[in-house]
Amino acid sequence: MTGGPTPQWMRQQERSHLGALRLMVWISLRLGRPAGRVVLRGIALYFLLFSPTARRNGRAYLARALGRPPTWRDGYRHVLSFASTVHDRIYLLNDRFDLFDIRITGDKAVQQALDHQPGAFLVGAHLGSFEVLRAMAHQHARTPVAMLMYEDNARKIGAILHAINPRAQQDVVALGRPDSMLRARDKLDAGCLVGMLADRSLANDSTAECMFLGAPARFPLGPWRMAAMLRRPVFFMSGLYLGGNRYELRFEPLADFSTVERGDREAAMAQAMQAYADRLGDMCRRAPYNWFNFFDFWQRT
């Protein structure tokens with residue numbers, strides 16, 4: 001377990017721009033999703049051609065997920081899938097669920113866990129779309145969802161939400177504050193599902209090594225410490241983009257810390273982290289164009 005230097009994903013230049021996003025929102029909402037997707041194909045091609053570092057890192061990941069050398073077509077599909085999920089946020093954050101075919105599986109298991117004690121963790125990754133979770137919240141209005149994220153990310157998300165829909169609200173608990181743990185506990189005690197993305201770390205985060213897609217990689221410990229300390233069940237959540245307007249929202253039991261004693265936490269956390277890495281790897285092989293970390297995930301620094 002260790003903390004490390006600034007992760008590569010934080011050092012890479014961010015290419016999003018709120019002005020361009022607002023233009024895309026206008027085109028998409030005024031002219032419709034088909035027109036927006038025409039523009040999207042050009043954006044994906046531009047990104048693929050003029051982002052050599054991201055392209056190289058994407059190819060390294062795809063080689064592991066596909067089990068073969070990726071082609072340019074694979075690279076384009078990868079970037080277009082990413083762009084498609086970003087584009088679809090415009091509609092999902094405006095509650096246009098009628099535009100999508102969203103299949104939900106595993107939500108009954110989540111509800112059964114909530115029937116036994118209030119609150120549970122949903123641990124996801126930069127895999128597909130987290131926004132399709134709004135479809136479940138729309139369908140099950142009595143199950144609110146809160147997101148845990150670092151303060152800088154929370155501010156960026158707030159700016160993006162306002163650009164997409166000034167009325168859109170997301171319940172965010174900022175990490176890195178003295179009261180973060182208490183606020184997360186209060187959300188859980190109120191019966192919320194608390195979502196976390198567990199495949200990226202910040203500079204000072206403690207990490208642990210897990211086998212992922214056939215090689216060791218480092219994952220942040222923070223999400224698992226919080227789940228263990230707050231003694232809640234953890235579900236793996238994925239919102240896979242299946243092409244066109246189709247998504248699959250899946251919930252799968254991953255770990256349950258509600259009965260884990262303090263002396264057994266470290267072992268339970270290590271087991272849960274490897275189970276998470278295994279499940280994430282399975283999803284990456286099943287839907288290889290859905291994992292959106294365009295940096296050297298297996299770097300050994």
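Data block above holds the structure.
In this report, we go over the structure that sits alongside the text. (Residues numbered from 1 in each chain as written. Predicted model: local features only at pLDDT ≥ 70, side-chain atom pairs only at ≥ 80, totals over all residues. Heavy atoms only, no water.)

A closer look at the overall build of the chain
- Along the backbone of the chain there are 11 helices and nine strands.
- Across the 301 residues of the chain, 50% fall into the buried class.
- Excluding contacts between residues fewer than 6 apart, the proportion of contacts in the chain whose partners are at least 24 apart in sequence is 77%.
- Surface accessibility of the chain: about 14700 Å² in total, with carbon and sulfur atoms responsible for 53%. (Helix = DSSP H or I, 4+ residues; strand = E, 2+ residues; numbered from the N terminus. Buried < 20%, exposed > 50% of the residue type's maximum accessible area, 1.4 Å probe, protein only. Contact = heavy atoms within 4.5 Å. Areas by Shrake-Rupley, 256 points an atom, 1.4 Å probe, with all protein chains shown as cover.)

Some details on the pairing of strand 9 (residues 246-256)
- Counting buried residues along strand 9, eight of its 11 residues qualify, which places the element largely inside the surrounding structure.
- The pairing of strand 1 (residues 101-105) with strand 9 spans five bridges and is parallel. By the bridge assignment, Ile-104 is partnered in strand 9 with Leu-249.
- In terms of strand pairing, strand 8 (residues 233-241) meets strand 9 through nine bridges, oriented antiparallel. Across the sheet, residue Phe-236 finds its bridge partner in strand 9, namely Glu-252.
- Hairpin connection between strand 8 and strand 9: a loop of four residues separates the two successive antiparallel strands, and Gly-243 in this loop has a positive phi of roughly 95°. (Pairing = 2+ DSSP bridges.)

What about the packing of aromatic side chains?
- By the definition in use, this model includes 20 aromatic pairs.
- One aromatic cluster is present, built from ring pairs that chain together Tyr-61, Phe-212, Phe-219, Trp-224, Phe-236, Tyr-276, Trp-291, Phe-295, Phe-297 and Trp-298.
- One Lys or Arg, Arg-64, reaches over the ring of Trp-298 and ends 4.5 Å from the middle of that ring. (Phe/Tyr/Trp six-rings, centres within 6.5 Å; stacked < 30°, edge-to-face > 60°. Lys NZ or Arg CZ within 6 Å of the ring centre and 35° of its normal.)

Considerations on the nonpolar core
- Ranked by size, the top nonpolar core spans 50 residues in total, and within it Phe-121, Phe-212, Trp-224 and Phe-257 carry the most contacts.
- With nine residues, helix 11 (residues 265-286) is the largest single contributor of residues to this core.
- Core analysis: the second largest hydrophobic core is formed by 26 residues, Ile-104, Val-110, Leu-193 and Met-237 among them. (Core = buried A, V, L, I, M, F, W, Y, C linked by side-chain atoms within 4.5 Å.)

Thoughts on the packing of helix 3 (residues 33-50) against helix 4 (residues 52-66)
- Across the interface, helix 3 lies against helix 4 with an axial gap of 6 Å and an inter-helix angle of 90°. Looking at the two axes, helix 3 sits roughly perpendicular to helix 4. Side by side, helix 3 and helix 4 meet where Phe-47, Leu-48, Leu-49 and Phe-50 of the first sit next to Pro-52, Ala-54 and Arg-55 of the second.
- Classifying every residue of the contact of helix 3 with helix 4 gives six nonpolar, no polar and one charged. (Axes fitted to C-alpha atoms, helices over the stretch in contact; angles between N-to-C directions. Parallel < 35°, antiparallel > 145°, perpendicular 65-115°, else oblique. Nonpolar A, V, L, I, M, F, W, Y, C, P; charged D, E, K, R; others polar.)

Section: unusual backbone geometry
- The phi angle at Leu-213 is positive, at roughly 50°, despite the residue not being glycine.
- Under the relative-accessibility criterion, Leu-213 is labelled buried at 8%.
- Here Arg-231, not a glycine, exhibits a phi torsion of approximately 55°, which is positive.
- Relative accessible area serves as the criterion here: at 30%, Arg-231 is assigned to the partly exposed category.

Some details on the environment of Leu-193
- Structurally, Leu-193 is set in strand 5 (residues 193-197).
- A residue is classified by how much of its surface remains accessible, and Leu-193, at 0% relative accessible area, is buried.
- Remark: the alpha-carbon pair of Leu-193 and Leu-114, spanning 79 residues in sequence, is separated by 8.9 Å.

Focus: the environment of Leu-80
- Tracing the chain through its elements places Leu-80 in helix 5 (residues 72-92).
- Judged by its relative accessible area of 11%, Leu-80 falls in the buried class.
- In this structure, the C-alpha to C-alpha distance between Leu-80 and Gly-243, residues 163 residues apart in sequence, is 9.8 Å.
- If we skip the residues at most four places from it in the chain, Leu-80 touches Leu-40, Arg-41 and Ala-44.

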